[in-house]
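Here are the chains, one letter per residue:
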Amino acid sequence: MSDPVSSIRNLGPAFEQACARAGIHSAQQLRDLGPDEAYARVVRAGTRPHFIGYYVLVMGLQGRPWNDCKGDEKKALRQRFDAIKASVSAAPETQMISDLDAVGVRVSADDLKSV
């Protein structure tokens, strides 16, 4: 059995669930994708983009504490995050799931039906 996403330093159950919604089901799959592609997929799957979440992912994949990112390195990561955020738009279906989740209603794509 492969290691879960939450086996990576800094990454907990909430990020593991976000990865699962994006089709990322193992730590190795996350490592193979790399932080930028993985984060883009997570955002496309409906997770609201947040810079801290992105750099926590980057630090975790490097085996570093989440708060180890500072100075010029953090500025460079901010530029990468902004580029990812600008290039990704959630599909209406996943945006609706994200919006419902924000108000405490848990649904999946299977729960939504076309009218």
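None of the values given here were measured: they were computed from a predicted structure. (Residues numbered from 1 in each chain as written. Predicted model: local features only at pLDDT ≥ 70, side-chain atom pairs only at ≥ 80, totals over all residues. Heavy atoms only, no water.)

Novice: I'd like to hear about the side chain of Ser-26, residue by residue, with values.
Specialist: With respect to the helices and strands, Ser-26 occurs in the loop between helix 1 (13–21) and helix 2 (27–44). In this structure Ser-26 comes out as buried when scored by relative accessible area, which is 9%. Those residues in contact with Ser-26 that sit more than four places away from it in its chain are Ser-2, Asp-3 and Val-5. (Helix = DSSP H or I, 4+ residues; strand = E, 2+ residues; numbered from the N terminus. Buried < 20%, exposed > 50% of the residue type's maximum accessible area, 1.4 Å probe, protein only. Contact = heavy atoms within 4.5 Å.)

Novice: Account for the pattern of salt bridges, with residues named and values stated.
Specialist: All told, the structure shown has five salt bridges when counted by the stated rule. Its salt-bridge partner being Glu-37, residue Arg-41 comes within 2.8 Å of it at the nearest N-O pair. Note that Arg-41 and Glu-37 are positioned in helix 2 at a spacing of four residues, about one turn of the helix. The network of salt bridges with shared partners includes Arg-64, Asp-68 and Glu-73. (Salt bridge = Lys/Arg side-chain N within 4 Å of Asp/Glu carboxyl O.)

Novice: I'd like a rundown of the side chain of Arg-64, residues and numbers included.
Specialist: Of note, Arg-64 is situated in the loop between helix 3 (51–61) and helix 4 (71–87). A distance of 2.8 Å separates polar atoms of two side chains, one belonging to Arg-64 and the other to Asp-68. Within the structure, Arg-64 has its side chain in polar contact with the side chain of Glu-73 (distance 2.8 Å). Those residues in contact with Arg-64 that lie beyond four places of it in its chain are Arg-9, Asn-10, Met-59 and Glu-73. (Polar contact = N/O pair within 3.5 Å; in protein donor to acceptor, adjacent residues only side chain to side chain.)

Novice: Explain the nonpolar core residue by residue, including any values.
Specialist: Leu-11, Phe-15, Ile-24, Leu-30, Tyr-54 and Leu-77 are the most contacted members of the largest nonpolar core, which totals 28 residues. Where this core is concerned, the elements lending two or more residues are helix 1, helix 2, helix 3 and helix 4. Other than its neighbours up to four places away in sequence, Leu-11 contacts Val-5, Ser-6, Leu-30, Val-56 and Leu-57. (Core = buried A, V, L, I, M, F, W, Y, C linked by side-chain atoms within 4.5 Å.)

Novice: Outline the environment of Asn-10, supporting the account with residue identities and numerical values.
Specialist: Relative to the helices and strands, Asn-10 resides in the segment before helix 1. Spatially, the C-alpha atom of Asn-10 lies 9.8 Å from that of Gly-53, the residues being 43 residues apart in sequence. At 2.9 Å, the side chain of Asn-10 forms a polar contact with the backbone oxygen of Arg-64. Within polar-contact distance, the side chain of Asn-10 engages the backbone nitrogen of Trp-66 at 3.4 Å.

In short, geometric facts, not functional conclusions.
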